[in-house]
Amino acid sequence: MGQANENYYRFIDSADIHIDHNTEKALSFLDSIPKPLERNIEGRLSEYYSIKTLIFDEYNEYSKMQQSIIFALKYADKEENYQIAGDACLNLFSNLYFVSKDTTAHSYLNKAIEYYEKCNYVNGLLEVQQMRAYAEFLDHDYLSCINLLLGNLDKFSKVEDNQYFNLFANYLLSSSYFRLGKYDKAHIYFNKLKDLQNALGVTDYNYYSFESTLKMQLAKLHFKSNTLDSTLYYLKASKKFTSYMPENILKDYYRLYADIYKVSGDINNSKAYIDTLMQIGKKSYKSNVEASILINDSLLKAETELAETKQNNMFSIGLIIIFSGVLVVLSLFYFSFYKNRKVRIIEQGKESSNFSYLKSNNERLAVKVHGLEEYIKNLKSEIREISSTKNTETQKERIKSLYKNLHIDSSTLLDKTENHLELVNDLNIEFFKQIEERYPSLNKSEVIICYYLFMGFSNKEIAVFLNVSVRSVESRRYRISKKMDFNKDETTLVNHLQETFGSI
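The written sequence of each chain sets the order in which its residues are numbered from 1. Where local features are concerned, this predicted model is filtered to residues with pLDDT of at least 70; where side-chain atom pairs are given and counted, the filter is 80 or more; whole-chain, interface and lining totals use all residues. Side-chain calculation: all heavy atoms of the structure are included, whereas hydrogens and water are not.

Participant: Even after reading the chapter, I still don't get the overall build of the chain, so can you show me in this structure?
Facilitator: The helix and strand tally for the chain stands at 27 helices and zero strands. Relative to its 504 residues, the chain shows a buried fraction of 51%. Note on contacts: a residue pair qualifies if any of its non-hydrogen atoms lie within 4.5 Å across the two residues. Nonlocal contacts in the chain, meaning residues at least 24 apart in sequence, comprise 63% of its contacts between residues at least 6 apart. Of the accessible surface of the chain, which amounts to about 24,700 Å², a share of 49% is contributed by carbon and sulfur atoms. Labels follow the DSSP assignment, with helices taken as runs of H or I lasting at least four residues and strands as runs of E lasting at least two, numbered in each case from the N terminus. Buried, partly exposed and exposed residues are distinguished by accessible area as a fraction of the type maximum, computed with a 1.4 Å probe on protein chains only: under 20%, between the cut-offs, and over 50%, respectively. Per-residue and other accessible areas were derived by the Shrake-Rupley procedure at a 1.4 Å probe size, with only the shown protein chains allowed to occlude residues.

Below, the structure written as structure tokens:
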């Protein structure tokens, strides 16, 4: 390998400077570095791929993002850049566990610890602990979540330049104790969370979404114990947070009001809140059907791309096989094979940068494509059958059942196009035309989130579609609200989108 050209290092530095506020400019700097990269930026390849990871995340190009993470880890290990190596391991854990519940993901948390310890990166070690606690929380093992957090709570609070660590820990502790029925302890950490509202590193969106969720938990608890005055108190206290509520919490808000008015005999007000819930429900069912069609279209596009790209260069063949490996998730028959394949791709990716080892799998690819054809045929038939069902309730239940099966896999399916904007633009061209004219400052990833919110998806569903964390969706929603600059005291982002573009 030849001598690195230090003149090209400045392109990496420039890309790093611009990545937070101008993704396209950052990408242009990286693309200005000539090939071969191994020679021209030797010693800084891990930084190059780490920035590429952020760029592909912003563009919602998740197959490329995953590939960049693997390369970042490979070169960070070789260059002894242990902080980047640890960050790459955390990203791999998040992608494997939170999206697909792959238990092998925990090995990456252990690797992250090893890397962070080598460079003594304390905040990285704390983030690993929060990742573990959050995983236990999502798995409903609240005692394990609490024990993990309590052992590190002092350390979280001492990260003075970023109190989000402390905020998130107190939210998880409060919520876990509420769910366990230990209300005194829950309130202790709830009050600590309130003290962090204006702390460094804590945004309004993150704070209010946590506070509103906890207050709605309290409202539901009091309603179950038939203490209606306390229920109303927390409902009224939550009113100003509706613009920050996840969709499932917002539904609880309307449902509780409907139930309270029903118990008190005020049928008219109860019906008004039930009507609001029905409107939300209709939007959800409509979104479910459209999501199913959207996924079907993406499958057809993926199939076509597989057939065409198979005749291209070896790198394209590698991508085809990776795509087909992802599609195997859709079949329980292939589920076990998919998990082993993903681990093997990651491990072998550390030894070969051109994916040449995948050439021997062409015969398996043909089998998978044949299976995909059968899946698409069956899916289209099922959608047609559901659409022709006369009984509304039966149709709704079948839509929910179909959506439940497709929902978890939707984020990987959407990877098959260049980006989400290209994929869904055909469904509602007028929406994209109007939102880009009205809010030109929104970037592509923000536009697609607006579309999903407009169609009625929750933060959690959008996170699965886009293969990112819920926290990432929340942060992007906050940035979108700031760019749109509407009156957040009078309406929510979702309502603003519905009011502005509802006539489309």
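Once the structure has been displayed, the description carries forward.
Participant: Help me out: how do you make sense of the side chain of asparagine 166 in this one?
Facilitator: By the element assignment, asparagine 166 lies in helix H11 (residues 164-180). By relative accessible area, which is 9% here, asparagine 166 ends up buried. Setting aside residues no more than four positions away along its own chain, asparagine 166 makes contact with Leu153, Phe156, Ser157 and Leu196.

Participant: Explain the packing of aromatic side chains to me, please; I cannot follow it from the model alone.
Facilitator: Here a ring pair, both rings aromatic, is described through the centre-centre distance and the interplanar angle of the planes. Centres within 6.5 Å make a pair out of two Phe, Tyr or Trp rings, where for Trp the six-membered ring is used; the pair is then stacked when the planes are under 30 degrees apart, edge-to-face when over 60, and tilted otherwise. All told, the structure shown has 35 aromatic pairs when counted by the stated rule. Seen from their ring centres, tyrosine 164 and phenylalanine 168 are 5.9 Å apart, and the 15° between their planes marks the pair as stacked. Within this pair, tyrosine 164 and its partner phenylalanine 168 are both found in helix H11, separated by four residues, close to a single helical turn. Across the pair, exposure class does not vary: tyrosine 164 and phenylalanine 168 are buried alike. Grouped by ring-pair contacts, the aromatic residues Phe431, Phe432, Tyr451, Tyr452, Phe454, Phe457 and Phe501 constitute a single cluster. Charge-over-ring contacts are defined here by two conditions on Lys NZ or Arg CZ: a distance within 6 Å of the ring centre and an angle within 35 degrees of the ring normal. Cation over ring: arginine 10 sits above phenylalanine 11, and NZ or CZ is 4.5 Å from the ring centre. Looking at lysine 488, its charged tip hangs above the ring of phenylalanine 486, at a distance of 5.1 Å from the centre.

Participant: I tried to follow the environment of aspartate 141 on my own but got confused; where do I start?
Facilitator: On the secondary structure map, aspartate 141 appears in the loop between helix H8 (122-138) and helix H9 (142-150). On the accessibility criterion, aspartate 141 (32% relative accessible area) is partly exposed. Sequence separation of aspartate 141 and serine 176 is 35 residues, and the distance between their C-alpha atoms is 8.8 Å.

Participant: Before we go on, may I ask you to explain the packing of helix H13 (residues 204-224) against helix H14 (residues 228-238) in this structure?
Facilitator: Angles run from 0 to 180 degrees between N-to-C directions of axes, and those axes are lines fitted to C-alpha atoms, restricted for helices to the stretch in contact. In the contact formed by H13 and H14, the axes pass within 8 Å of each other and the chain directions differ by 160°. Between H13 and H14, the interaxial angle falls into the category roughly antiparallel. Regarding H13 and H14, the two cross each other, and that crossing is left-handed. Contact with H13, carried on its side by Lys215, Met216, Leu218, Ala219, His222 and Phe223, involves Leu228, Ser230, Thr231, Tyr234, Leu235, Ala237 and Ser238 of H14 and no other residues of that element. For this classification, the nonpolar set comprises Ala, Val, Leu, Ile, Met, Phe, Trp, Tyr, Cys and Pro, the charged set comprises Asp, Glu, Lys and Arg, and every other residue, Gly included, is treated as polar. When the residues that make up the contact of H13 with H14 are grouped by side-chain class, the tally is eight nonpolar, four polar and one charged. Roughly parallel means an angle under 35 degrees; roughly antiparallel means over 145; roughly perpendicular covers 65 to 115; every other angle is labelled oblique. If you view the pair so one helix is near and one far, a crossing is left-handed when the near helix is turned anticlockwise from the far one by less than a right angle, and right-handed when it is turned clockwise.

Participant: Please clarify how the confidence of the model for the chain should be interpreted in this entry.
Facilitator: Detailed conclusions should not be drawn from predicted coordinates in areas where pLDDT is low. Looking at the chain as a whole, the pLDDT averages 75, with 68% of positions reaching at least 70. What pLDDT reports is the predictor's confidence in each residue, on a scale of 0 through 100. The low-confidence segment residues 287-373, where pLDDT is below 50, has 119 contacts with residues more than four positions distant or belonging to other chains. Low pLDDT, under 50, characterises residues 407-419; the stretch is placed with 39 contacts to residues that sit more than four places away or in other chains.

Participant: I tried to follow the packing of H8 against H9 on my own but got confused; where do I start?
Facilitator: Angle between the axes and distance between the axes are the two parameters that describe a pair of packed helices. Packing of H8 against H9 brings their axes to within 7 Å, and their N-to-C directions diverge by 165°. On the basis of their axis angle, the class for H8 and H9 is roughly antiparallel. In the packing of H8 onto H9, the handedness of the crossing is left-handed. Two secondary-structure elements touch here, H8 through Gln129, Arg132, Ala133, Glu136 and Phe137 and H9 through Tyr142, Ser144, Cys145, Leu148 and Leu149. Its residues assigned to classes, the contact of H8 with H9 comprises six nonpolar, two polar and two charged.

Participant: I would appreciate a short explanation of the pattern of salt bridges in the present structure.
Facilitator: Here the idea is simple: oppositely charged side chains can pair when their charged atoms come close. Take a side-chain nitrogen of Lys or Arg and a carboxyl oxygen of Asp or Glu: if they are within 4 Å of each other, that pair is a salt bridge. Counted by the stated rule, this structure contains seven salt bridges. Aspartate 13 is paired through a salt bridge with arginine 44; the nearest N and O atoms lie 2.7 Å apart. Placement of the pair is aspartate 13 in helix H1 (residues 9-18) and arginine 44 in the loop between helix H3 (37-40) and helix H4 (45-58), with a sequence separation of 31 residues. With relative accessibility at 36%, the residue aspartate 13 sits in the partly exposed group. By relative accessible area, which is 16% here, arginine 44 ends up buried. For the salt bridge of lysine 215 with glutamate 211, the shortest nitrogen-to-oxygen distance reads 3.0 Å.

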